[in-house]
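Chain by chain, the residues:
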Amino acid sequence: MNIIDEFVSHGGRQLVVKHYANTTNCDMTFAIFLPPGEGPFPVLWYLSGLTCTHANVMEKGEYRKAAAELGIAIICPDTSPRGADIPGADPEDWQLGQGAGFYVNATEPPFDTNYQMYNYVTDELPELVFKEFNLDVSKQSIFGHSMGGHGAMICALKKPKRFKSCSAFAPINSPSTEDWSIRAFNSYLGNDESTWRAYDSVCLIEDGATIEHLLVDQGEADSFLNNGLSPNKLVDVCKQHNVALELRMQPGYDHSYYFISSFMHEHIKWHASKLS
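A quick note: this is a predicted structure, and the numbers were derived from the prediction, not measured.

K.L.:
Can you help me understand the side chain of His 54 in this one?
P.N.:
Take His 54: it is sitting in helix α1 (residues 54–60). Those residues in contact with His 54 that lie beyond four places of it in its chain are Val 16, Thr 29, Phe 30, Ala 31, Cys 76, Pro 77 and Asp 78.

K.L.:
It is not clear to me how the pairing of strand β1 (residues 2–9) should be interpreted in this structure. Could you clarify?
P.N.:
The two faces of the sheet receive side chains in turn, since in a regular strand these alternate between them. Direction of pairing for β1 relative to strand β2 (residues 12–21): antiparallel, over a ladder of seven bridges. From the neighbouring strand, Glu 6 faces β2, where its bridge partner is Leu 15.

K.L.:
Mind showing me how you'd approach the pairing of strand β4 (residues 41–47) here?
P.N.:
Of all seven residues that make up β4, seven are buried, and the element is covered over most of its length. Of the strand pairs in this sheet, β4 and strand β6 (residues 135–145) are connected by six bridges, and their pairing is parallel. Residue Leu 44 lies in a different strand from β6, and its bridge partner there is Ser 141. As judged from the three bridges shared by β4 and strand β5 (residues 73–76), these two strands associate in the parallel manner. Opposite Leu 44, over in β5, you have Ile 74 as the bridge partner.

K.L.:
Even after reading the chapter, I still don't get the pattern of salt bridges, so can you show me in this structure?
P.N.:
Close approach of charged atoms allows side chains of opposite charge to pair. Evaluation of the coordinates by the stated rule reveals nine salt bridges. Taking the shortest distance from any N to any O, the salt bridge between Arg 197 and Glu 206 comes out at 3.0 Å. Note on Arg 197: relative accessible area 28%, which makes it partly exposed. You can call Glu 206 partly exposed: its relative accessible area is 38%. For Asp 217, the salt bridge is made with Arg 248, and the minimal N-O distance between the two is 2.7 Å. Taken together, the residues Asp 217 in strand β8 (residues 214–219) and Arg 248 in strand β9 (residues 245–250) connect sequence positions 31 residues apart.

K.L.:
What exactly am I supposed to notice about unusual backbone geometry here?
P.N.:
Residues apart from glycine generally show negative phi values, whereas peptide bonds are mostly found in trans. Residue Pro 40 is reached from Gly 39 by a cis peptide bond, and omega for that bond is 5°. Tracing the sequence through the fold places Pro 40 in the loop between β3 (26–34) and β4. With an omega of 0°, the peptide bond between Pro 109 and Pro 110 qualifies as cis. For Pro 110, the location among the structural elements is in the loop between β5 and α3 (117–132). The phi angle at Ser 146 is positive, at roughly 60°, despite the residue not being glycine.

K.L.:
It is not clear to me how the environment of Ala 152 should be interpreted in this structure. Could you clarify?
P.N.:
Tracing the backbone through its elements, the reader meets Ala 152 in helix α4 (residues 147–158). Look at Ala 152 and you get buried, because its relative accessible area is 0%. Sequence separation between Ala 152 and Trp 45 is 107 residues, and the spatial gap between their C-alpha atoms is 8.3 Å. Ignoring sequence-local partners within four residues, the contact set of Ala 152 consists of Leu 47, Ile 142, Phe 143, Gly 144, Cys 166 and Ser 167.

K.L.:
Is there a simple way to think about the packing of aromatic side chains in this case?
P.N.:
How two aromatic rings sit relative to each other is given by the distance of their centres and the angle of their planes. Considering all chains together, one arrives at 15 aromatic pairs under this definition. Ring centres 6.4 Å apart and planes at 70° place the aromatic pair Phe 33 and Tyr 63 in the edge-to-face group. Residue Phe 33 is located in strand β3, and its partner Tyr 63 is located in the loop between α1 and α2 (64–70); the two are separated by 30 residues in the primary sequence. By the burial criterion, Phe 33 is buried, and Tyr 63 matches it.

What counts, and where the lines are drawn
Residues numbered from 1 in each chain as written. Predicted model: local features only at pLDDT ≥ 70, side-chain atom pairs only at ≥ 80, totals over all residues. Heavy atoms only, no water. Helix = DSSP H or I, 4+ residues; strand = E, 2+ residues; numbered from the N terminus. Contact = heavy atoms within 4.5 Å. Pairing = 2+ DSSP bridges. Buried < 20%, exposed > 50% of the residue type's maximum accessible area, 1.4 Å probe, protein only. Salt bridge = Lys/Arg side-chain N within 4 Å of Asp/Glu carboxyl O. Phe/Tyr/Trp six-rings, centres within 6.5 Å; stacked < 30°, edge-to-face > 60°.

What follows is the structure, encoded as C-alpha cells:
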C-alpha cells in the first residue's frame, strides 16, 4: 500500500492510496477520509458512477465536513481496473471498460481477467483497509451515485448483515434492462440473462434479497430519469416485497455533482444514525 497524496481537511486526513489488487490483476487507487480522532471509526463506502474515478467525489462531493463532525471514515474506490493493457481502454467508450466496471465479477473473456469489481469492493479492499487503518468492521454502510448507486444497492442486498444501511443518488435501478448497461452486462457476463440477476437490484429483491434501510434521492430534471434509471421499477418491487424504501424526488436537480453535493450531508447524517 502506497499513500500517493495526503491532505488535511476539517481536522481529518484525506488520503489517496495505490495498491496492487489480486482480484483485478493491476494497480488500483482509492481515496479514504479519516476524521479527527483515534478511532476506531465507522465506515461509509461510496461507489462512483460511469466515467468516474475516486477523484470525482473526493474533489466535488463535499463530504468531509459532515464526515469529520460525525466521526465517520469515508472510502471511495475506483469504478474499474485501469492500465494500458486492460480491455476497454478506449476513452470514447464510456459505457464499457475503464470507468464502466458496473461492480460485477466478469465471467467472459477478455474482461474476466481484470473485471472482478464486486470481489474487489466487497472482499479485497475491505481486507486491506481494515488491516491498515483503525476502522470499526462492525459498523459499515454504503452509498453511491448512478452506476455506483447500482453497485451500492447490490452490495447491500447481497450482504445485508455487513451493511447497516444503503443510500443512492440517482441509481441505475435495473441495469439488466437499461440501454446504457445491457451491452456491459452482455460483455462481462455473457448472453445468458439469468446470470445478470445477481447484479440487478430489482431482480435481487424479486428473488428474496432485502435490506432494512434504503434511501434514494432522484433529481426530477435528470436527463436519464426515464431511460436509464427508472426509479419506478425500484418503487414497485420494494412495495411488492415489503422493502422499506424512502424515495425522495428532488425538483430541478439533474444527474451532476451539483445534485450529489446538495444532499451529501443529509445522506451522511442519515447513515450515521444507523451506524451509531
